[in-house]
Amino acid sequence: MESQSSNEPVRFATVIVIGAGQAGLSAGYHLKKRGFVSALVPQTNAILNNEVQHSERKFVMFDAGSRPGGAWQHRWDSLLMDTVNGIFDLPGYPKPPVDPQTPSNQAVPAYFEAFEKEFQLPIERPVTVLNVTREGDSPEAEFIVETSHGTWRTQAIINATGTWDNPIRPSVPGAESFTGEQFHTREYVSAEHFRGKRVAIVGAGISAVEHLAEVSEMTTTLWYVRRPPNFRTGKFESEFAGRETIAKVVADVEQGKPTGSVVSYTGLSLQNRYAKQAQANGALNWRPMFVAIEPCGVREADGTFTSVDAIIWATGFKPSIKHLEPLQLTNERGGIHLEGTHPVSEPLIHLIGFGPSSSTVGANRAGRAAVATVVRELKHRNSVQPAT
């Protein structure tokens, strides 16, 4: 999709929310609750002599997906509601009762869609944000947001793009020579596809264990990890563990460190249904990461050869924030130094569903916190604007 023609007017929204998953919807709800109106509704005298009028506080939300649901619409069919990590209610709209055996890629998008309709959020989709720049060198300058459907100006950005569109696939010598199939978790559909094949599964996180459990029901699996899995034998007490995990992630982002995977903070629970299933199938036996890939298999760390027909890369994701690169938020360590939900010294750029707020409960809270900070900062800046 191409950007808007240069001779068309640049539109304005006081706040732009990028992404309409759990975090973005939370932010949209709280903006509306604070009195922001849709920037998609034609406003009288909205543009006068090519100057945007800022008398009303307006917002718009951009979602790259063709329908509601965020990344959940892309999950594999066998990921059911009784097996996903807790999905917390969106603000002001409790989840309806749902059959635990319903696929999450149906139940969660349906819930998100009902939420969008209930609160009439101004969402444009499918719209991809291509680039975000600042209009001038001043820290007070507005932002220019280039999208696949035109260009916008805004005073504040709440970014909620998650990680689904930025999968990590490690570089391994010989990968291009492999004659079998390679899939990332992002492309995984079902275990049935692998029936009768020898499958290497790479990764030490929750997704890797889920794939191991399912695929080992169909065929032979081999589990490879870069470092020994951190198994936890006790039950996962979600409220306590959530607070403990968030505290660790907050400590990292406040020091400007890149955040690790969820499991690097929480460990893997052996009480998890998938872990139990994989263990019962004899599949929970890890091997050191292979050192090379060859046409018909992998070269083990000890130099021996193992034939495989397929490789599943359950190697996680990184934040999908390439469109923010022109703002130079990332430090030399590859992290973003955050204060709350915004980069230090950038109180009108907020990253939610990121780092400490990547869980569903964290995303809800981050949406509310980001909006509160934006409202406070806009009020302060507008109060000190010189009279015209």
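Structure: above.
A brief report on the enclosed structure follows. Note that this is a predicted model, so its numbers are computed, not measured.

## A few points about the pairing of strand E12 (residues 221-225)
Right, so step 1: Along E12, five of the five residues are buried, which leaves the element largely enclosed by surrounding structure.
Right, so step 2: The side-chain alternation of E12 yields two buried faces, one formed by Thr221, Trp223 and Val225 and the other by Leu222 and Tyr224.
Right, so step 3: As paired strands, strand E11 (residues 199-202) and E12 are joined by four bridges and run parallel to one another. Opposite Ala200, over in E12, you have Leu222 as the bridge partner.
Right, so step 4: Handedness of the crossover joining E11 and E12 through helix H3 (residues 206-215) is recorded here as right-handed.

## Notes on helix H2 (residues 104-119)
Right, so step 1: End to end, H2 covers 22 Å across 16 residues, agreeing with the expected 22 Å (1.5 Å per residue, within 8%).
Right, so step 2: Among the residues making up H2, those that are buried are Ser104, Asn105, Ala107, Val108, Pro109, Tyr111, Phe112, Phe115, Glu116 and Phe119.
Right, so step 3: The inward-facing, buried residues of H2 abut helix H1 (22-33) and strand E6 (123-124).
Right, so step 4: Gln120 occupies a position one or two residues after H2 and carries a positive phi of about 50°.

## A short note on the sheet that holds strand E18 (residues 305-307)
Right, so step 1: An order of E16-E17-E18 is seen for the three strands of this open sheet, with the pairing classed as antiparallel. In this open sheet, the two strands that pair with only one neighbour each are strand E16 (292-294) and E18. Sheet twist, expressed as the mean angle between neighbouring strand axes with direction ignored, is 25°.
Right, so step 2: As paired strands, strand E17 (residues 297-299) and E18 are joined by three bridges and run antiparallel to one another. Within the sheet, the bridge partner assigned to Gly297 lies in E18 and is Ser307.

## Description of the pattern of salt bridges
Right, so step 1: The final tally for this structure, using the stated rule, is 16 salt bridges.
Right, so step 2: Across the pair Glu346 and Arg134 runs a salt bridge whose closest N-O atoms are separated by 2.6 Å. Here Glu346, found in the loop between strand E21 (342-343) and strand E22 (349-351), pairs with Arg134, found in strand E7 (residues 129-134); they are 212 residues apart in sequence, far enough to count as distant. Note on accessibility: Glu346 and Arg134 belong to one class, buried.
Right, so step 3: Measuring nitrogen to oxygen at the nearest pair gives 3.3 Å for the salt bridge that ties Arg169 to Glu187. Of this pair, Arg169 sits in the loop between strand E9 (150-159) and strand E10 (181-184) while Glu187 sits in the loop between E10 and E11, placing them 18 residues apart in sequence.
Right, so step 4: Taken together, the shared-partner salt bridges connect Asp63, Glu116 and Arg125 into one network.

## Here's the deal with the packing of aromatic side chains
For any pair of aromatic rings, geometry is given as the distance between the ring centres together with the angle between the planes.
Right, so step 1: What the rule picks out here adds up to 15 aromatic pairs.
Right, so step 2: Ring geometry for Tyr29 and Phe115: centres 6.2 Å apart, planes at 40°, overall tilted. On the criterion of sequence distance, the pair formed by Tyr29 in helix H1 and Phe115 in helix H2 is long-range, its members being 86 residues apart. Grouping residues by exposure puts Tyr29 and Phe115 together as buried.
Right, so step 3: Residues Trp223 and Phe231 carry aromatic rings whose centres are separated by 6.3 Å and whose planes lie at 65° to one another, so their mutual orientation is edge-to-face.
Right, so step 4: The class for Trp223 is buried, based on a relative accessible area of 1%.
Right, so step 5: Chaining the aromatic ring pairs together yields one cluster made of Tyr29, Tyr93, Tyr111, Phe112, Phe115 and Phe119.
Right, so step 6: Here the guanidinium or amino end of Arg273 rests over the ring plane of Tyr274, the centre of that ring lying 5.6 Å away.

## Re the pairing of strand E5 (residues 58-62)
Right, so step 1: For E5, a buried count of five out of five residues is recorded, marking the element as mostly surrounded by other parts of the structure.
Right, so step 2: Neither face of E5 is exposed, since Lys58, Val60 and Phe62 on one face and Phe59 and Met61 on the opposite face are all buried.
Right, so step 3: As paired elements, strand E2 (residues 37-38) and E5 share two bridges and run parallel to each other. When the bridges of E5 are listed, Ser38 appears paired with Phe59.

Parameters at a glance
Residues numbered from 1 in each chain as written. Predicted model: local features only at pLDDT ≥ 70, side-chain atom pairs only at ≥ 80, totals over all residues. Heavy atoms only, no water. Buried < 20%, exposed > 50% of the residue type's maximum accessible area, 1.4 Å probe, protein only. Helix = DSSP H or I, 4+ residues; strand = E, 2+ residues; numbered from the N terminus. Pairing = 2+ DSSP bridges. Right-handed = clockwise from strand over helix to strand, strands pointing away. Expected span 1.5 Å × (residues − 1). Contact = heavy atoms within 4.5 Å. Axes fitted to C-alpha atoms, helices over the stretch in contact; angles between N-to-C directions. Salt bridge = Lys/Arg side-chain N within 4 Å of Asp/Glu carboxyl O. Phe/Tyr/Trp six-rings, centres within 6.5 Å; stacked < 30°, edge-to-face > 60°. Lys NZ or Arg CZ within 6 Å of the ring centre and 35° of its normal.

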